[in-house]
Amino acid sequence: MTHLPQLRIPATYLRGGTSKGVFFRLDDLPERARVPGPARDALLMRVIGSPDPYGKHTDGMGGATSSTSKCVIISRSTRADHDVDYLYGQVSIDTAFVDWSGNCGNLSTAVGPFAIAAGFIDASRLPRNGMFAVRVWQANIGKTIIVHVPIVDGAVQETGDFELDGATFPAAEIVLEFIDPADEGEGDVGGAMFPTGNLVDPLDVPGIGTLNATMITAGIPTVFVNAADIGYDGTELQPAINDDRAALARLEAIRVAGALRMGLIATPEEATKRQHTPKIAFVAPPKDYTSSSGKRITATDIDLNVRALSMGKLHHAMMGTASVAIATAAAIPGTLVNFAAGGGTRDVVRFGHPSGTLRVGADVRQVDGQWTVTKAVMSRSARVLMEGAVRVPADAF
């Protein structure tokens, strides 16, 4: 049997926040993969090394976790007042599937530096030294993200002393602004930031019973439940959840029930093709714990504890988009997140996650009785890990 040679596709491997992924310029992709469809999905899966029944991604660029099985496609923006369009694909590890239903907030950080380094920004616009705001159109969810990138001597500054829990080494600080981050057009239940119209709902979960839940679309559709209601205290690290198949099944059942209630899916079976959204997270009042790196987190360091799952597993830190959801819900009196944080009003929240803590701000207000969020802000960092080209067997897609 004759096999075609490998293709050489220009690409850059970047860390953004606590995730990393393979970044492509749209025009560098093979022609068949420049448009949505099976060819594009097959190419990205082969790049990452999926589907992999061994769950290792040995034959690809993925890292066999939800944080490291990601691809990004960047193109010059066709929208006014934007620099680039950013399309994000979450590649499943053990099944042949790419989820395009949401954004990656962590990799959003790397979009700004990549846009500059890849020539999408005219060099005459860049300061010699200072900050440059890259205006990004997030094409998956139709939202604007402003990425404030530090520039030194006319180039992106990557090194620095900003420390981010969940990323091993310090780097330069990048500030992200998520503009109007609620997915208010998604779902058919309410079409609002709170799709059910309520801050807290009783959620009937088959096999578990009725749980109180806050369901919100800010940042990314997210289902919040109380940790205590499902047998946790909110200080759990990955092994406590990911090594317990029964726990993962229960949490997936809650996620599916929430997706149905939010109008994101019509039948439970559809959840298998929508693994990236909604997220499921559980919250608890602040409590001392030791992070996965051995760092001691005290209750006085944080407003609350949050643990969230991504692609069926407890995340090692916190997804950037879920952080937006946390900050937004924490700012609104009456949500489970707000209750866990002690109630009252706030425009900034600091929460504990398995790798440490994170501080996120959110501007919320009520308009005609409905809550809306105008902006969420957080600091992350990004760094180029490798640049050049990936190789993909031409007959793989």
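Residues numbered from 1 in each chain as written. Predicted model: local features only at pLDDT ≥ 70, side-chain atom pairs only at ≥ 80, totals over all residues. Heavy atoms only, no water.

A. Structural context of the pairing of strand S16 (residues 304–310). Burial within S16 is extensive, with seven of its seven residues counted as buried. Where burial is concerned, the two faces of S16 agree: the one with Leu-304, Val-306, Ala-308 and Ser-310 and the one with Asn-305, Arg-307 and Leu-309 are both buried. Pairing between strand S13 (residues 279–284) and S16: five bridges, direction antiparallel. Considered in S16, the bridge of Phe-282 is made with Arg-307. Sheet topology places S16 next to strand S18 (residues 348–353); two bridges connect them, and they run parallel. Bridging across to S18, Asn-305 finds its partner in Gly-352. Relative to strand S17 (residues 313–314), S16 runs antiparallel, the two sharing two bridges. Each residue of the ladder has a partner; that of Leu-309, found in S17, is Leu-314. (Buried < 20%, exposed > 50% of the residue type's maximum accessible area, 1.4 Å probe, protein only. Helix = DSSP H or I, 4+ residues; strand = E, 2+ residues; numbered from the N terminus. Pairing = 2+ DSSP bridges.)

B. Geometry of the layout of surface pockets. The volume enclosed by the largest pocket comes to roughly 930 Å³. Lining the largest pocket are 38 residues, with Thr-65, Ser-66, Ile-93, Ser-310 and Lys-313 positioned closest to its centre. When residues of the lining of the largest pocket are assigned to their parent elements, the largest contribution, four residues, is made by helix H4 (residues 245–262). A breakdown of the residues in the lining of the largest pocket according to their chemical character gives eleven nonpolar, 19 polar and eight charged. Of the pockets and cavities examined, the second largest pocket occupies roughly 510 Å³. In terms of lining, the second largest pocket is formed by 23 residues, of which the most central are Phe-162, Glu-163, Leu-164, Asp-165 and Thr-357. Broken down by element, the lining of the second largest pocket gets its largest block of residues, five residues, from strand S19 (residues 356–367). Partitioned by chemical class, the residues of the lining of the second largest pocket number eleven nonpolar, seven polar and five charged. (1 Å grid on protein atoms, 1.4 Å probe; cavity = no way out; pocket = protein on both sides within 12 Å on 5 of 7 lines; lining within 4 Å. Points joined across faces, edges and corners; volume = space filled by probe spheres on them. Nonpolar A, V, L, I, M, F, W, Y, C, P; charged D, E, K, R; others polar.)

C. Region of the structure containing the pattern of salt bridges. Tallied over the full model, the rule gives ten salt bridges. Measuring nitrogen to oxygen at the nearest pair gives 3.4 Å for the salt bridge that ties Arg-46 to Asp-59. One end of the pair, Arg-46, is in helix H1 (residues 38–48); the other, Asp-59, is in the loop between H1 and strand S3 (70–76), with 13 residues separating them in the sequence. Given the relative accessible area of 56%, Asp-59 is considered exposed. The closest approach of N and O atoms between Asp-180 and Lys-143, which form a salt bridge, is 3.4 Å. A residue pair is termed long-range when its members are at least 10 positions apart, and Asp-180 in the loop between strand S9 (174–179) and strand S10 (201–205) and Lys-143 in strand S7 (residues 143–152) qualify at 37 residues. For Lys-143, a relative accessible area of 13% gives the class buried. (Salt bridge = Lys/Arg side-chain N within 4 Å of Asp/Glu carboxyl O.)

D. How the structure looks around empty space enclosed by the protein. This model, assessed by the stated rule, comprises three cavities of 30 Å³ or more. Its volume calculated, the largest cavity comes out at about 80 Å³. Those elements that provide at least two residues to the lining of the largest cavity are helix H2 (105–117) and helix H5 (320–330). Here the residues of the lining of the largest cavity are counted per class, giving three nonpolar, eleven polar and two charged.

E. Fine view of H5. Most of H5 is tucked away, with eleven of its eleven residues classed as buried. Of the residues making up H5, those classed as buried are Gly-320, Thr-321, Ala-322, Ser-323, Val-324, Ala-325, Ile-326, Ala-327, Thr-328, Ala-329 and Ala-330.

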